[in-house]
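Here is what each chain is made of, one letter per residue.
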Amino acid sequence: MAAKQVIPPFSLILAFAFIPLLVFSAQAVPLERLNSLRVIKSVNKNGPFLGLITVYAPEEEAFFSTGVFRPDPRHPFVDLSGRRFQIGKVAGKKAIYVKCGVGLVNAAAATQQMLDLFDIKGVIHFGISGNANSSMHIGDVTIPYQIAQTGLWDWLKPNATLEPNDFAQFDFKNYNVPKGGDNKLGRVGYSTEQFYSTSGEVNVPQRPVWFNITKNWFNVASHLQGLKLEQCANSTLCLPQIPKLVVGLKGATSNFFIDNAAYTDFLFKTFGVTSLDMESSAVVMTCLSNGYPVIAIRGVSDLAGTQEGDNTIRLFGPLAALNTAKVVISFVKSLPGNYISKF
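Keep in mind the model is a prediction, meaning the values are calculated, not measured. (Residues numbered from 1 in each chain as written. Predicted model: local features only at pLDDT ≥ 70, side-chain atom pairs only at ≥ 80, totals over all residues. Heavy atoms only, no water.)

Colleague: I tried to follow the overall build of the chain on my own but got confused; where do I start?
Modeller: Counting its secondary structure elements, the chain contains nine helices and 16 strands. Looking at the chain as a whole, 45% of its 343 residues qualify as buried. Taken as a whole, the chain presents about 17500 Å² of accessible surface, with 57% of it coming from carbon and sulfur. (Helix = DSSP H or I, 4+ residues; strand = E, 2+ residues; numbered from the N terminus. Buried < 20%, exposed > 50% of the residue type's maximum accessible area, 1.4 Å probe, protein only. Areas by Shrake-Rupley, 256 points an atom, 1.4 Å probe, with all protein chains shown as cover.)

Colleague: Please explain helix H5 (residues 215-222) as it appears in this structure.
Modeller: Because an α-helix completes one turn every 3.6 residues, residues spaced three or four positions apart along the sequence face the same direction. Considered for burial, the residues of H5 that qualify are Trp217, Phe218, Val220 and Ala221. When H5 is viewed along its axis, its buried side chains cluster within an angular range of 155° and face the same direction. Residues of H5 that are buried make contact with strand E1 (49-54), strand E6 (120-131), strand E7 (141-143), strand E13 (245-247), strand E16 (294-302) and helix H8 (313-334). (Arc of directions from axis to C-beta. Contact = heavy atoms within 4.5 Å.)

Colleague: Looking at this structure, how should I read the packing of aromatic side chains?
Modeller: Think of a pair of aromatic rings as described by two things: how far the centres are apart, and how the planes are tilted against each other in angle. Summed over all chains, the structure comprises 23 aromatic pairs. On the basis of an interplanar angle of 80° and a centroid distance of 5.0 Å, the ring pair of Phe64 and Tyr97 is categorised as edge-to-face. Here Phe64, found in helix H3 (residues 57-65), pairs with Tyr97, found in strand E5 (residues 93-99); they are 33 residues apart in sequence, far enough to count as distant. Using a relative accessible area of 0% as the deciding quantity, one classes Tyr97 as buried. (Phe/Tyr/Trp six-rings, centres within 6.5 Å; stacked < 30°, edge-to-face > 60°.)

Colleague: What should I look at first to understand the sheet that holds strand E9 (residues 153-156) in this one?
Modeller: Strand pairing in a sheet relies on backbone hydrogen bonds, with the paired strands running either antiparallel or parallel. Read from one edge of the open sheet, three strands run E9-E11-E10, paired in antiparallel fashion. For this open sheet the edge positions go to E9 and strand E10 (166-171), each flanked by a neighbour on one side alone. Across this sheet, the average inter-strand angle for adjacent strands is 25°, counted without regard to direction. Inspection of the sheet shows E10 paired to strand E11 (residues 187-191) by five bridges, in the antiparallel sense. Residue pairing for E11: Asp166 is matched across the bridge by Ser191. (Pairing = 2+ DSSP bridges. Axes fitted to C-alpha atoms, helices over the stretch in contact; angles between N-to-C directions.)

Colleague: Which parts of the structure should I look at to understand helix H6 (residues 261-271)?
Modeller: The complete set of buried residues in H6 reads Tyr263, Thr264, Phe266, Leu267 and Phe271. For H6, the arc enclosing every buried residue in end-on projection is 160°, short of the 170-degree limit, so these residues lie on one face. A distance of 3.2 Å separates the backbone nitrogen of Ala262 from a side-chain oxygen at the start of H6, and that oxygen is part of Asn260. Residue Gly272 follows H6 closely and has a positive phi angle near 70°. (Polar contact = N/O pair within 3.5 Å; in protein donor to acceptor, adjacent residues only side chain to side chain.)

Colleague: Looking at this structure, I do not really get the nonpolar core. What am I missing?
Modeller: Most often, soluble globular proteins have nonpolar side chains that are buried together. By size, the foremost hydrophobic cluster in this structure holds 60 residues, and its most contacted members are Leu52, Phe63, Ile96, Val123, Ile124 and Phe331. The dominant element in this core, judged by the number of residues it contributes, is H8, at six residues. Phe63 has contacts with Leu52, Val68, Phe69, Val90, Tyr97, Phe126 and Ala325, leaving out every residue within four places of it along the chain. One finds Ala168, Phe170, Tyr190 and Leu276 within the second-largest nonpolar core, a separate group that totals 15 residues. (Core = buried A, V, L, I, M, F, W, Y, C linked by side-chain atoms within 4.5 Å.)

Colleague: Which parts of the structure should I look at to understand unusual backbone geometry?
Modeller: Glycine aside, negative phi is the norm for most residues, and most peptide bonds take the trans geometry. A cis amide bond links Gly47 to the next residue, Pro48, at an omega of 5°. Note that Pro48 resides in the loop between helix H2 (31-44) and E1. Cis geometry marks the peptide bond from Val177 to Pro178; its omega dihedral reads 10°. On the secondary structure map, Pro178 appears in the loop between E10 and E11. At Ser81, a position not held by glycine, the phi torsion is positive, near 55°.

Structural data, given as structure tokens:
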């Protein structure tokens, strides 16, 4: 006698069908990340927050040495993707701080992660930079109103025609020693970014050269000029002049640490920039792309190759970072209590 075939109910078949999907989902999201996301959900109940993004250890150390950051007693930090997002208050305003790491990719990745996961209402990016402007000195701080990404190149043959989206060129033959002439390196055409944003047409990139700091935040920053900055790194190392804050210059970003006088001079003459760094445009572009207010604050740590002798970043970097932190704190204090709705 044949055994009677038992057909399981449809709900049971459906349950067994979903088991592999559940297993796959659990494997796809690491437990550590799931725990972090749970903490973030709890943190966001107390939002919104200001986002603070700096780059590497000396800048972080200078910022925290001021004692202005007060960690949240319940959730002082959350670790995600190798970065530590620190939760607390700065000058009485709720803030989330992260150290992004050097370079454009790190800066953009950390900024996008912050905007996607936390209840952020605007981002303050800060750090140190090289200087291309002879009217600025080591220890000074600049808050640019425009930033360009000067690291997107079309590297061309000698005398080749520039691409339509190139807006400037660097001709290597002009810098031959002892005199100019043909050079097999050809020239570089500086290309515009493909920029997608909430303000543009969907899936159609804009091609801007300059990215503007959020106007209202820039107006707040403009009132900070005259802020007293530190002149001495320690009891034996002081600058010859008192550092100053200058608001309204231009900045340039690329994945280059620039320590070359000829190239620095070219950037100043071609783009009119002062600060030279490796992250600001990525943070600013990411924020503007998503429709968030943003400002960049950079302290001059070196002269980008125009100095005599070795680069001074290791010598005066900590002082430049401290002056930058002082400006950041003053800016946060200057934001009105209702900055969340106003900006």
